[in-house]
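# Geometric and topological summary
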Amino acid sequence: MFIDKVRIHVRGGDGGAGCMSFRREAHVPKGGPDGGDGGHGGNVVVEADASLSSLIEYRFKHHFKADRGTHGKGSRMHGATGEDLVLKVPVGTVVREYFEEERETGQLIADLTHDGERIVVAEGGMGGRGNIHFVTPTRRAPAFAELGEPAQERWIELEMKLMADAALVGMPSAGKSSLIARMSAARPKIADYPFTTLVPNLGVARSGDYSFVIADIPGLIEGAHEGRGLGHEFLRHIERTALIVQVVDLTGDYEGRDPLEDYEVINRELALYADELAARPRIVVANKIDAPGSDEAADRLAKRVHEDSVAAAGGDEFGPSPIDPKLYRVSALTGEGADGLKAAIATKVHELREAARADAENDVQYDHVWEHRRRERDRRFDVANLGGGVFRVSGPQVERMVVQTDWENEEAVAFLQHRLKRLGVETALEKAGAVDGDEIRIVGRAFEFESARTADDMFKELDL
Ligand SMILES: Nc1nc2c(ncn2[C@@H]2O[C@H](COP(=O)(O)OP(=O)(O)OP(=O)(O)O)[C@@H](O)[C@H]2O)c(=O)[nH]1
Ligand SMILES: [Mg+2]
């Protein structure tokens with residue numbers, strides 16, 4: 001089976017806890033704080049790897065977790081950092097957010113188009129800080145440390161799209177597989193019945209100094225854009241193919257059709273699937289010139305292709321057109337014309353790559369954009385008035401702070417309140433109508449609201 005879309009759950013490693021400890025020496029009754037930091041948890045990274053060609057590895061295993069950081073220790077010993085977990089995917093994999101409960105695909109995270117390109121999909125938690133960090137001129141012996149930060153976790157969707165430079169499209173039995181076999185080392189199944197090819201085949205072709213990746217897409221039939229036949233499933237693979245190589249069977253073999261009619265059917269299907277596919281650079285190939293009497297059909301097709309090329313150039317015979325004005329006449333059977341076609345595809349692909357490289361400078365930096373949005377979302381929080389003097393605060397960062405707090409430790413709790421205040425939680429609560437003595441709930445914890453002034457007094461009291 002052709003696995004090209006999977007949904008997996010990823011979780012970074014949790015951060016190790018910071019340590020609360022004081023130096024112990026024979027001649028010093030109670031030394032200064034020396035608790036080390038917890039190690040950071042490992043990230044889950046998705047990385048494009050050119051040696052892979054499918055997402056099959058993710059078919060049965062759906063949960064992935066990076067290593068956690070270890071806890072800090074006394075004598076300023078920091079915990080070890082958890083190792084990153086690297087998930088390898090084929091080049092051409094699109095990574096998106098996925099919301100499991102709603103069964104919905106979210107924002108684009110990254111489009112991994114180059115070998116080695118990577119994106120962090122779930123960050124490990126930061127290690128908690130040891131008590132050495134909480135020393136201030138007035139607080140010489142902080143008796144608390146931070147717990148490790150819980151790691152991020154989420155569902156993501158991986159979708160593989162073929163990264164071919166050129167794609168062979170055409171009616172069933174037009175000879176697409178025969179042509180890819182002629183031009184590359186690919187050895188797909190070839191047979192005289194329609195829909196021999198069920199999943200795309202990829203081949204690497206070489207011509208002179210250039211090489212390119214060519215794909216053989218299953219045959220398209222009328223109505224493919226609406227899902228008839230097998231074609232539609234694969235049309236989306238050519239969304240990112242720079243060049244379309246349209247193969248027309250001069251013998252009209254499949255259901256005894258007219259070659260010109262076939263040519264029109266494929267044009268229509270591409271246009272109906274997506275306007276931009278119709279405008280994609282294209283080369284038209286007339287196959288099976290070895291068949292007796294095929295010249296007449298080839299001449300008619302050549303004339304039409306030339307007309308279409310001029311029309312696509314806005315009527316300007318010498319203007320740039322997405323459609324190559326020349327009809328490439330070949331026989332996949334005898335090999336006649338195959339080298340010329342290969343050279344033409346190689347040259348065109350090379351030109352298109354150069355143009356794409358020039359565009360790449362304006363490319364979106366997916367990771368930065370997504371990361372920035374994610375951070376913003378992370379900081380956001382909501383205050384809900386539940387009535388009866390009870391308020392709930394929810395938001396990723398706020399909740400993490402609460403989880404990172406050691407509730408057995410009064411100083412740690414006071415420190416949390418200080419952080420929440422800095423984040424603007426207190427102001428938001430006041431705005432929502434909270435008054436002293438009200439109950440504030442954040443992830444399963446409840447505490448009493450104290451206005452800023454009282455809290456400050458308390459911090460002072462606690463020497464924070
Ligand atoms: N005479 C002749 N027959 C050819 C030529 N190219 C392909 N064929 C025959 O046409 C039939 C279909 O060829 P394939 O290469 O399987 O066609 P396809 O376009 O991949 O077909 P699907 O995978 O079904 O879409 C086979 O019987 C081939 O031997 C050619 O140039 N000349
Ligand atoms: Mg085939």
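Residues numbered from 1 in each chain as written. Chains lettered and ligands numbered in written order. Predicted model: local features only at pLDDT ≥ 70, side-chain atom pairs only at ≥ 80, totals over all residues. Heavy atoms only, no water.

For the chain, an unreviewed UniProt entry supplies the name GTPase Obg and the organism Enteroscipio rubneri. Here is the UniProt Function (unreviewed entry) comment for the chain, exactly as written: "An essential GTPase which binds GTP, GDP and possibly (p)ppGpp with moderate affinity, with high nucleotide exchange rates and a fairly low GTP hydrolysis rate. Plays a role in control of the cell cycle, stress response, ribosome biogenesis and in those bacteria that undergo differentiation, in morphogenesis control." Its UniProt record gives the chain the following Subunit (unreviewed entry) comment, quoted word for word: "Monomer." (UniProt positions renumbered as here; feature names shortened; annotations may be inferred.)

Right, let's get into unusual backbone geometry. Although it is not a glycine, Ser 75 adopts a positive phi angle of roughly 55°. In this fold, Ser 75 is placed in the loop between strand S3 (63-65) and strand S4 (85-90). For Arg 103, which is not glycine, the phi dihedral falls at a positive 55°. Structurally, Arg 103 is set in the loop between strand S5 (93-99) and strand S6 (104-112). Residue class for Arg 103 comes out exposed when judged on its relative accessible area of 61%. (Helix = DSSP H or I, 4+ residues; strand = E, 2+ residues; numbered from the N terminus. Buried < 20%, exposed > 50% of the residue type's maximum accessible area, 1.4 Å probe, protein only.)

As a further point, take the sheet that holds strand S16 (residues 390-394). One open sheet accounts for four strands, arranged S15-S16-S17-S18; its pairing is mixed. Edge strands, defined here as strands with exactly one partner in the open sheet, are strand S15 (382-387) and strand S18 (445-448). Going across the sheet, the axis of each strand differs from the next one's by a mean of 25°, ignoring polarity. As defined by bridge partners, S16 adjoins strand S17 (residues 439-442) across three bridges and the pair is classed as parallel. The residue bridging Phe 391 from the neighbouring strand is Ile 440, located in S17. (Pairing = 2+ DSSP bridges. Axes fitted to C-alpha atoms, helices over the stretch in contact; angles between N-to-C directions.)

It is worth spelling out the sheet that holds strand S2 (residues 44-49) at this point. A sheet is described by the order of its strands in space; here three strands give the open sequence S4-S2-S7, paired in mixed fashion. Among the strands making up the open sheet, the edge pair consists of S4 and strand S7 (118-122). When strand polarity is set aside, the average angle formed by the axes of neighbouring strands in this sheet is 30°. Relative to S7, S2 runs antiparallel, the two sharing four bridges. Bridge pairing links Val 46 to Ile 119 in S7.

Judged by how many residues are buried, S2 sits mostly within the fold: six of six residues are covered. The two faces of S2 match: Val 44, Val 46 and Ala 48 on one face and Val 45, Glu 47 and Asp 49 on the other face are all buried. With six bridges joining them, S2 and S4 adopt parallel strand pairing. When the sheet's bridge partners are listed, Asp 49 is paired in S4 with Pro 90.

This part takes up the nonpolar core. Core analysis: the biggest nonpolar cluster contains 23 residues, and Leu 179, Leu 341 and Ile 345 have the highest contact counts within it. Going through the elements one at a time, strand S9 (166-170), helix H1 (176-183), strand S11 (210-216), strand S12 (243-249), strand S13 (282-287) and helix H6 (338-360) are the ones with two or more residues in this core. Here this core takes five residues from H6, the largest share from any one element. Setting aside anything within four residues of it in sequence, one finds Leu 179 in contact with Leu 168, Val 247, Val 285, Val 330, Ala 332 and Leu 341. Ranked by size, the runner-up nonpolar core spans 22 residues in total, among them Val 6, Val 89, Val 95 and Ile 119. (Core = buried A, V, L, I, M, F, W, Y, C linked by side-chain atoms within 4.5 Å. Contact = heavy atoms within 4.5 Å.)

Residues annotated in UniProt with the feature "binding site: Mg(2+)" (unreviewed entry) correspond here to Ser 177 and Thr 197. In terms of the greatest pairwise C-alpha distance, the residues named above, spread along 21 residues, form a tight cluster of at most 7.5 Å across. Among the secondary structure elements, Ser 177 is positioned in helix H1. Overall, the relative accessible area of 7% leaves Ser 177 in the buried class. Ignoring any residue separated from it by four or fewer positions in sequence, one finds Ser 177 in contact with Pro 188, Lys 189, Ile 190, Thr 197, Asn 201 and Asp 216.

A word on the pairing of strand S14 (residues 323-329). Sheet topology note: the S13/S14 ladder contains four bridges and is parallel. Pairing of Arg 282 across the sheet is with Ile 323, part of S14. Running through helix H5 (residues 295-312), the crossover from S13 to the neighbouring parallel element S14 is right-handed. (Right-handed = clockwise from strand over helix to strand, strands pointing away.)

Taken together, 22 residues form the shell around ligand 1, and within it Lys 176, Ser 177, Ser 178, Thr 197 and Asp 290 come nearest. Asn 287 is positioned such that a nitrogen or oxygen atom in its side chain is 3.2 Å from an oxygen atom of ligand 1. In the complex, 88% of the free accessible area of ligand 1, which totals 650 Å², lies under the protein chains. With three residues, H1 is the largest single contributor of residues to the shell around ligand 1. Grouping the amino acids of the shell around ligand 1 by side-chain chemistry returns nine nonpolar, nine polar and four charged. (Near = heavy atom within 4 Å. Polar contact = N/O pair within 3.5 Å; in protein donor to acceptor, adjacent residues only side chain to side chain. Areas by Shrake-Rupley, 256 points an atom, 1.4 Å probe, with all protein chains shown as cover. Nonpolar A, V, L, I, M, F, W, Y, C, P; charged D, E, K, R; others polar.)

This part covers the confidence of the model for the chain. Per-residue confidence for the chain gives a mean pLDDT of 85, with 90% of residues at or over 70. With pLDDT under 50 throughout, residues 454-464 is counted as low confidence; its partners more than four residues away or in other chains account for 19 contacts. (pLDDT = per-residue confidence, 0-100.)

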